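What follows is the residue order along each chain.
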Amino acid sequence: APDTGPVTLTNCDREPIHILGRTQRYGALLAVSSDWLVQHASENAADIIGPSFATPLGKPLSDLLPPAALRQIRNRLRMLESGSNATRIFDLVVQDRRFDVSIHQSGRHLILEFEPKRGERDGDALAQTYPLIQRIRDAASPDDMLREAARAVRALSGFDSVMVYRFQEDHSGVVVAESRRQTGQKYLGLHFPASDIPVQARALYTRSLLRLIADVSDEGVPIIPARSPEGTPLDLSLAVTRAVSPIHLEYLRNMGVAASMSVSIMKDGKLWGLFACHHQSPHYLEFEQRTAIELFAHLFSYELTRRQEGERNESQSRTQNLQRKLMNHLAEGDTLEASLLSVSDDLRAVIPHDGVVLVTQGRFHRSGDTPSEADLMTLEGLLNTTAASRVYSTDKLSQLMPHAEEFAKTCAGVLAIPISRTPRDYLLLCRREIPRNVAWAGEPAKGVQEGPNGDRLTPRKSFEAWRETVEGRCAPWSESDRHAADLLRSLLLEVFLRVSDAANAERA
Ligand code: BLA
């Protein structure tokens, strides 16, 4: 049934944040029809653009804007027609006032957003970007690279603090780098649940790569009328001045933040993470500066992909290495158990784990942190009910085997690689529970009042919520873990075939 009730902390992903019907105060928004009649306008249009916009609804744009401005807009529209989904004009003049204007199509409307130019810009932003990218390129390690990136975005934006927030496979997130004006780190290493940046927000952030929340006390300016005559609200998904979810505003206020900006970090067409920027006081950035930061994020994404391709090659060569060593051991006449044990370091490098069990012919050869023999017997029975000749993995073994709760500290999840068909033999990799006693670096949640949207909206409470969700879980088996497991499965199958061929040959 559709959920029509209020948005709460447990159904965050239902909040329709793209049709909230308000813009942030720093801009004014107009929606015009294909014949350029104003259909919607934010209530601040006259304040921001000029007195001709006192009663704009239903009027032709040509009555409201000077001919030169109209010409600039018309020229820009050609760009929209040629495929890009948004365009911008950096200097549009209306009666001595200068604006940056963002233009995009939304349903049957053309949306124009006006932001007044504030004083002389320094013209440095773009020039500043390239040396900063060079430093990223030169970074010695992946961690270094993330740290440099946070520093760079802080330099480009003037925000007090910048974090690199990375999404995990389950859409929870972790702060992987942090740069703050006041020394020290506040959130580095902390995890947050997926619902802190709900699914519809993540989807928007893949389409619109930068949003500035210039003042968290700004509840937004209404756009009128709220609905079109057909009854539909204006879709603001790509609107740069889109007002922000009140739930998120409360989160930011509880965090002691007065302005926030996030910039998407894309990788392979997916949202890899965000630069999350915070300021102690309201903080506005002009469009060109925002554009430079967007460009930086774009170049950074590119560097990230490049580096990770390098890592992928490395992991491929590690897998090959593992394969070669294993073959050598077997060729020298070692048993499979002995061979696997002697390559365990290489195996751990390919698929990180805390313990390993070779299950063959009803016997268990264990090494590292694994369940007991008795528990393994139960587990083997259950694994025999999973699909044949497929890698099976779970990051919460207790879902398959309730009793596993009791030994989650030793082994909370397994990845089982079937290595022969009859009877089913397995190579079982085990992982311990995710450690949840991460040190909290920030100040305790002092004096946070429970607001209208409930009591979870602080990073500290949020972290607690994440802790509960990972209770009894190990770190998720990633796509590349499973891929490596598949490769290993075919390799081991081949080995088994050879071993049994050899045995047959001996017998003959
Ligand atoms: C958006 N939540 C966001 C954003 C961030 C976070 C970075 C992007 C918008 C921005 O630039 O501020 C979360 N920010 C964090 C986290 C840290 C941080 C985890 O600094 C940690 C250090 N948020 C909740 C809950 C709900 C929620 C429980 O915590 C829902 C009930 C909603 N968050 C929410 C929504 C948005 C959001 C709706 C989108 C805001 C928008 O774009 O309109």
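Residues numbered from 1 in each chain as written. Predicted model: local features only at pLDDT ≥ 70, side-chain atom pairs only at ≥ 80, totals over all residues. Heavy atoms only, no water.

Bringing the environment of Ser281 into the picture now. Looking at the secondary structure, you find Ser281 in the loop between strand 13 (270-279) and helix 8 (287-331). Since its relative accessible area comes to 34%, Ser281 is described here as partly exposed. Along the chain, Ser281 and Arg147 lie 134 residues apart, while their C-alpha atoms are 24 Å from each other. (Helix = DSSP H or I, 4+ residues; strand = E, 2+ residues; numbered from the N terminus. Buried < 20%, exposed > 50% of the residue type's maximum accessible area, 1.4 Å probe, protein only.)

Time to look at the packing of helix 4 (residues 125-138) against helix 8. It is the contact of helix 4 with helix 8, at a shortest axis distance of 9 Å, that shows an interaxial angle of 20°. Classified by the angle between their axes, helix 4 and helix 8 sit roughly parallel to one another. In this structure, helix 4 meets helix 8 at a crossing whose hand is right-handed. For the pair helix 4 and helix 8, contact is made by Ala125, Leu126, Thr129, Tyr130, Leu132, Ile133, Ile136 and Arg137 and by Gln289, Ala292, Leu295, Phe296, Leu299, Phe300, Glu303, Arg306 and Arg307, respectively. Looking at side-chain class alone, the contact of helix 4 with helix 8 contains 11 nonpolar, two polar and four charged residues. (Axes fitted to C-alpha atoms, helices over the stretch in contact; angles between N-to-C directions. Parallel < 35°, antiparallel > 145°, perpendicular 65-115°, else oblique. Left-handed = near helix turned anticlockwise from the far one by under 90°. Contact = heavy atoms within 4.5 Å. Nonpolar A, V, L, I, M, F, W, Y, C, P; charged D, E, K, R; others polar.)

In this structure, the amide linkage connecting Ile224 to the following residue, Pro225, adopts the cis form with an omega of -15°. Located in the positive-phi region is Gln95, a residue other than glycine, with phi close to 45°. You can see Gln95 is positioned in the loop between strand 4 (86-94) and strand 5 (97-106). A positive phi angle is found at Asp96, which is not glycine, with a value near 65°.

In terms of burial, strand 6 (residues 109-116) is a largely internal element, seven of the eight residues being buried. In this structure, strand 2 (residues 28-32) lies alongside strand 6, joined through five bridges in antiparallel fashion. Counted as the bridge partner of Leu29 is Glu113 from strand 6. Bridging between strand 5 and strand 6 involves eight bridges; their strand directions are antiparallel. Bridge pairing in strand 6 places Phe99 opposite Pro116. (Pairing = 2+ DSSP bridges.)

Surrounding the ligand, one finds 30 residues, the nearest of these being Cys12, Tyr205, His248, Ser260 and Ser262. Asp196 places a main-chain nitrogen or oxygen 2.9 Å from a nitrogen atom of the ligand. Contact distances for the ligand include 2.6 Å between an oxygen atom and a side-chain N or O atom of His248. When the ligand sits alone it has 890 Å² of accessible area, and the protein chains cover 99% of it. Listing elements by their share of the shell around the ligand, those giving two or more residues are strand 7 (161-167), helix 6 (199-207), helix 7 (246-254), strand 12 (259-267) and strand 13. (Near = heavy atom within 4 Å. Polar contact = N/O pair within 3.5 Å; in protein donor to acceptor, adjacent residues only side chain to side chain. Areas by Shrake-Rupley, 256 points an atom, 1.4 Å probe, with all protein chains shown as cover.)

Under the domain assignment, the protein is made up of domain 1 (16-116), domain 2 (125-229 + 241-309) and domain 3 (333-437 + 450-507). Once you take the C-alpha centre of each, domain 2 and domain 3 turn out to be 36 Å apart. In this assembly, 15 residues from domain 2 lie in contact with 16 residues from domain 3. Of the roughly 1,300 Å² buried between domain 2 and domain 3, counting both surfaces, carbon and sulfur atoms make up 61%. Together, Glu169, His191 and Glu250 form the three largest contributors to the area buried by domain 2 at its contact with domain 3, with a combined 38%. (Domains from an automatic or database assignment. Buried area = accessible area lost by both parts, 1.4 Å probe.)

Here we take up the confidence of the model for the protein. The share of residues in the protein with pLDDT of 70 or more is 91%, and the mean pLDDT across the chain is 88. Throughout residues 440-447 the model reports pLDDT below 50, and contacts reaching past four residues in sequence, or to other chains, amount to 12 contacts. (pLDDT = per-residue confidence, 0-100.)

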